[in-house]
Amino acid sequence: MEAINKIKAHLKSGINDLKQAKDQGIKIIGYVPGGYFPEELAIAAGAMPVCLIRAGDHASVEASIAYIDRWLDTFYRAQIGSGVSGKDQYYNIIDVMIAPITDSNNRALSDTLDYHTDIDIFPFGVPHKKEESGYQYYLHGLKKVKAKLEQLTGVEITEERLKEAIQLCNKERELLRKISLMRKSEIVPISAKDFVMINHAAMIIDKKVLIECMKSLIQELQETDTDNAKGPRLLLTGSTLAMGDGKILDLIEEAGGNVVIEEFAEGIKPYWQNVNTSGDLLEALAQTYFMDRIVPAWFRPASERLEYLVKLAKDFSVDGVVWYQLMYRESYKIESYYFPDILEKETGLSMLTLESDYDPSEIGQMRTRIETYLESIRR
Amino acid sequence: MTYYHKLLKLCEFDEAELLSQKERIERAFQILELGPADMEIAEARIKKYFDTGLLGVRKAIGVWFKELFDLVLSREEGKKIIYYGYPPFQYIGLAIKAAAKSKNDFYVGCPEAVISQTLGQFFHKLLPVLEAGEDAGLPPGHAMCSLLQVKVGALEKGIIPVPDLSIATSYFCDMGPKSDELLQYKFGYPVEYIDSCLDSAWGTWPEYDHETVRYLGAQLDKLFCTIKDKFAIEINDETWQQGRLIAGRLYSAINKLTGLLAADPVPLSVVDSELILNFPIGCTGSVMDEGAEAIEILAEEVKKRVENGFGVAPKESPRVLIVLHSISDPVVNRLIEDAGLAVPSTMALLPPPPEPESYPFTTLGEKRAEKAMFGGAYHSTYGMVKRIQASLKYADVDGIIYNYPFACRPFVCGNKLTKLHIENETGLPTLLLDMDPQDERYYSIGALRTRLETFAEMLRARKAAA
Ligand code: SF4
């Protein structure tokens, strides 16, 4: 598909686009994934947001060993390895790293990079409970981020600029939603690999470019008769689906499975809700990014997420669930123990749990387990 | 004579107590599945590892047994049960207990600390509990906190009762609250999460954002409301003060003892000082009076040792500050002294650094939240590092042993940064010693010994060169 190829090309040249922007004096705002940093703030400050979502290569995990113990989540160890290496083009180009602090794993990244590198780290807290006081604290964090970005860029984030940025991001969310929802039907016009690639692109490339590409893509998808769902339909969920960690989708595809919907704490940018463009806009951002967002497993409690997974499984008519998490992400590990019980009771479906440390030696065993699982649900 | 008579007599239970408590003791041991052979094991371990020549030590061990019985029997004795996670929010258990009109109607404590301390240290029987925890949702091989495996396993095995409320501190670590969520799913008990965010930037402690205090304060105030609604216990400034007064005797006894431990030679083994470390943190029952009395007696005994120049390690041995004790295995604690190191203190026993001027916060929750921020560990990793650094001024040491539970994320997040920061700022060599305070399958005594001996050798050489 032409639009898909275009997006891929833009993703490939992403770092060069950032370099060009930087040469023109535009600030580059790096941020830690997880869906708690509203890119709108960076855009409204005339800067370019870029998510630090690349991982999957074991070398950066190994590089982290000198700085942190191995008993932390693999993705965050990989980020530490990349950040301290001085060789990662994305970490090298950012003017600031906005770090929404969610759990211990992500806090370790912020502290370790702060200590060992010259990167300007700006942490702000994400509460673990959806309550009025939590909402207020998150809103307070957004105000601090806004002030930081204004100071960094010298641009005042006015209501007008923010509204425009929200409208742009709403458009992006709306199109992502539209594409994703097409997978509800019996004929699935887009593969999970392509959808995830587009979702990752939404965290890296220029929004205006991506929006145009997604518009063309929707048209192409409406006209296509390609069906990507020949095997069992799957919900893929877990902790982090990084850009560069493609093995899980490859293995499922090779085994004849079809992921028709994904839900991850990091690596799948939330796109289900738009931000309200009337009233106080920072409050509107806090409402969507904190209150309306489906919670990750590190929430207290995170039952809302498990209920949501059940709903997704039903809405997208899946035949099975694959839980893909990274090693030592404790909240997900604990949930993976009791969620199968809930899933079984609510839907009659079974679940396959897979874990990764970005180690190539895992692939053989993972392949066997996926094949066996798909075989069992086919029966 | 009953099968537990010798053991409990060793731990200073008197005959009248043994008689009047017979039914309770036997029922508790039955629930805990502890029989005559276990009593022999405990007696032998206590005699081998603890300094039973000291009355204060024997009494302190006895207090742990009483706390264990109270915990295990609390439901059968018709008590309302409130658990809190470890480490708890400062004084939270005491505040609840102090505010309760009839204190005997409530069990308030941290069950995983009590079980580790007793089934681990004395009976060497934690393994079946840990295994039950592994099977019930905290599996092996995934760096799951063994302290929480103890809690999950103890509930799963039915050796501790299902509580009426569990209080989880939800920002210091993620595994604690997540385990409560798991247990809530399994046992259906309510959990109150005290939330906050450890989002202060590196280098900012003791500065803090007032809004962080307000958020944590709001969470605490909400918890107080829940406790009032559920148990008719009203926690306010006055009852909080009462809690502190009740604990006052215990803390002043601890401070007195800590002061004496600064002597050279160090007069008390780290194995014995461990016994009192968790008194104010782990439980709120017998420890308040009998525990305080045990420490007062111990302090007098230790004072005499200091006057006589008695030490558990030779005078002028290299002195180290340790960050934690093992709370379930005296063998690990003993290793440090066996390597020829003297331990004048543990971080948790040292006074907190002086507090900056308070901001006029209004609610009780906010005032307590501000104190927690000053304490360091609830501020940030940097706050925790600075807390260690500040406590060094009370302890004349040649090095630090940062012995940490390998699966405890708050420690893992900051261990290497702590070492670098402390060594750069103070010049004190710091040994990172990963261990597991509950699960002996995760460490090798031989490997720990080698590392400790090498570190001790290096400290001795430095001392000699100086
Ligand atoms: S992980 Fe650490 S902080 Fe959390 S409960 Fe275990 S020992 Fe305590």
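Turning to the site of the ligand, a few remarks are in order. B:Tyr86, B:Pro87, B:Cys145, B:Leu148, B:Phe172, B:Cys173, B:Cys408 and B:Pro410 make up every residue found near the ligand. Across the shell around the ligand, the residue classes break down as 8 nonpolar, no polar and no charged.

In this section: the interface of chain B and chain A. In this complex, chain B contributes 52 residues to the contact, which on the side of chain A involves 51 residues. Carbon and sulfur atoms supply 57% of the area that chain B and chain A bury against each other, a total of about 4300 Å² over both sides. Considering only the side of chain B, the residues that lose the most area to chain A are B:Asp174, B:Lys178 and B:Tyr185, jointly responsible for 16% of the buried surface there. The interface formed by chain B and chain A contains 6 salt bridges. In this structure, B:Arg409 engages A:Glu330 in a salt bridge whose closest nitrogen and oxygen atoms are separated by 3.8 Å. Joining chain B to chain A, the criterion identifies 32 residue pairs in polar contact (both at pLDDT 80 or more). Every element with two or more residues in the side of chain B that touches chain A is listed here: α10 (175–187), β4 (191–194), α11 (210–231) and α19 (409–426) of chain B.

Side chains that carry opposite charge are capable of pairing whenever their charged atoms lie near each other. Overall, the coordinates contain 67 salt bridges over all chains when judged by the stated rule. In this structure, the salt-bridge partner of A:Arg183 is A:Glu262, at a minimum N-O distance of 2.6 Å. With A:Arg183 in the loop between α9 (159–181) and α10 (192–201) and A:Glu262 in strand β6 (residues 258–266), this residue pair connects regions lying 79 residues apart in the sequence. Take A:Arg183: its relative accessible area is 0%, and that puts it in the buried class. Taking relative accessible area as the criterion, A:Glu262 reaches 2% and is therefore assigned buried. Between A:Glu335 and A:Arg305 there is a salt bridge; the shortest N-O distance is 3.1 Å. Taken as a pair, A:Glu335 in helix α15 (residues 330–347) and A:Arg305 in helix α14 (residues 303–315) lie far apart in primary sequence, 30 residues in all. Counted as one network, the salt bridges with shared partners bring together A:Glu263, A:Arg305, A:Glu335, B:Lys178 and B:Glu181.

What follows is about the domain arrangement of chain A. All names here are of chain A. What the domain assignment lists for chain A is domain 1 (2–160) and domain 2 (223–378). Taken residue by residue, the interface counts 42 residues in domain 1 and 41 residues in domain 2. Surface buried jointly by domain 1 and domain 2 totals about 3600 Å² across both partners, of which 62% is contributed by carbon and sulfur atoms. Area buried by domain 1 at its contact with domain 2 is led by His 128, Lys 130 and Tyr 135, which between them contribute 20% of it. Joining domain 1 to domain 2, the criterion identifies 5 salt bridges. For Lys 269, the salt bridge goes to Glu 39, with nearest N and O atoms at 2.4 Å. On inspection of domain 1 and its partner domain 2, the count reaches 18 residue pairs in polar contact (both at pLDDT 80 or more). Contributing elements (two or more residues each) for the side of domain 1 that touches domain 2: α3 (39–44), α4 (58–63), α5 (74–85) and α8 (132–153). The element contributing the most residues to the side of domain 1 that touches domain 2 is α8, with 7 residues. Here the side of domain 1 that touches domain 2 is composed, by residue class, of 20 nonpolar, 9 polar and 13 charged.

Membership of the largest hydrophobic core comes to 308 residues, with the highest contact counts inside it found for A:Met97 and B:Phe65. At 11 residues, the largest contribution of residues to this core is made by helix α5 (residues 55–73) of chain B. When residues of this core are sorted by domain, at least three fall in each of domain 1 (2–160) and domain 2 (223–378) of chain A. The residues touching A:Met97, leaving out its near neighbours within four places in the chain, are A:Gly30, A:Val32, A:Leu52, A:Tyr91, A:Leu109, A:Ser110, A:Leu113, A:Ile119, A:Asp120, A:Ile121 and A:Phe122. Within the second largest apolar cluster, 6 residues are counted, among which are A:Met327, A:Tyr328, B:Phe406 and B:Ala407.

All names here are of chain B. Locating Asn 403 in the fold gives a position in strand β7 (residues 399–405). Of the polar contacts made by the side chain of Asn 403, one reaches the backbone nitrogen of Val 323; its length is 3.1 Å. Within polar-contact distance, the side chain of Asn 403 engages the backbone oxygen of Leu 324 at 2.5 Å.

Moving on: α8(A). Between its first and last C-alpha, α8(A) extends 31 Å over 22 residues, near the 32 Å set by a 1.5 Å rise per residue. Among all positions of α8(A), only A:Gly134, A:Tyr135, A:Tyr137, A:Tyr138, A:Leu139, A:His140, A:Gly141, A:Leu142, A:Val145, A:Lys148, A:Leu149 and A:Leu152 are buried. The secondary structure elements touched by the buried residues of α8(A) are β1 (28–31), α3, β3 (96–101), β4 (121–125) and α13 (281–292) of chain A together with α11 of chain B. Just downstream of α8(A) lies A:Gly154, where phi reads positive at about 75 degrees.

What follows deals with helix α17 (residues 364–375) of chain B. All names here are of chain B. Here α17 spans 17 Å end to end across 12 residues, near enough to the 16 Å set by a 1.5 Å rise per residue. What α17 keeps buried is the set Leu 364, Gly 365, Glu 366, Arg 368, Ala 369, Glu 370, Ala 372, Met 373, Phe 374 and Gly 375. Contact partners of the buried residues in α17: α11, α12 (237–261) and α18 (381–391). Just beyond α17, the residue with positive phi is Gly 376, at close to 100 degrees.

Conventions we followed
- Residues numbered from 1 in each chain as written.
- Chains lettered and ligands numbered in written order.
- Predicted model: local features only at pLDDT ≥ 70, side-chain atom pairs only at ≥ 80, totals over all residues.
- Heavy atoms only, no water.
- Near = heavy atom within 4 Å.
- Nonpolar A, V, L, I, M, F, W, Y, C, P; charged D, E, K, R; others polar.
- Contact = heavy atoms within 4.5 Å.
- Buried area = accessible area lost by both parts, 1.4 Å probe.
- Salt bridge = Lys/Arg side-chain N within 4 Å of Asp/Glu carboxyl O.
- Polar contact = N/O pair within 3.5 Å; in protein donor to acceptor, adjacent residues only side chain to side chain.
- Helix = DSSP H or I, 4+ residues; strand = E, 2+ residues; numbered from the N terminus.
- Buried < 20%, exposed > 50% of the residue type's maximum accessible area, 1.4 Å probe, protein only.
- Domains from an automatic or database assignment.
- Core = buried A, V, L, I, M, F, W, Y, C linked by side-chain atoms within 4.5 Å.
- Expected span 1.5 Å × (residues − 1).

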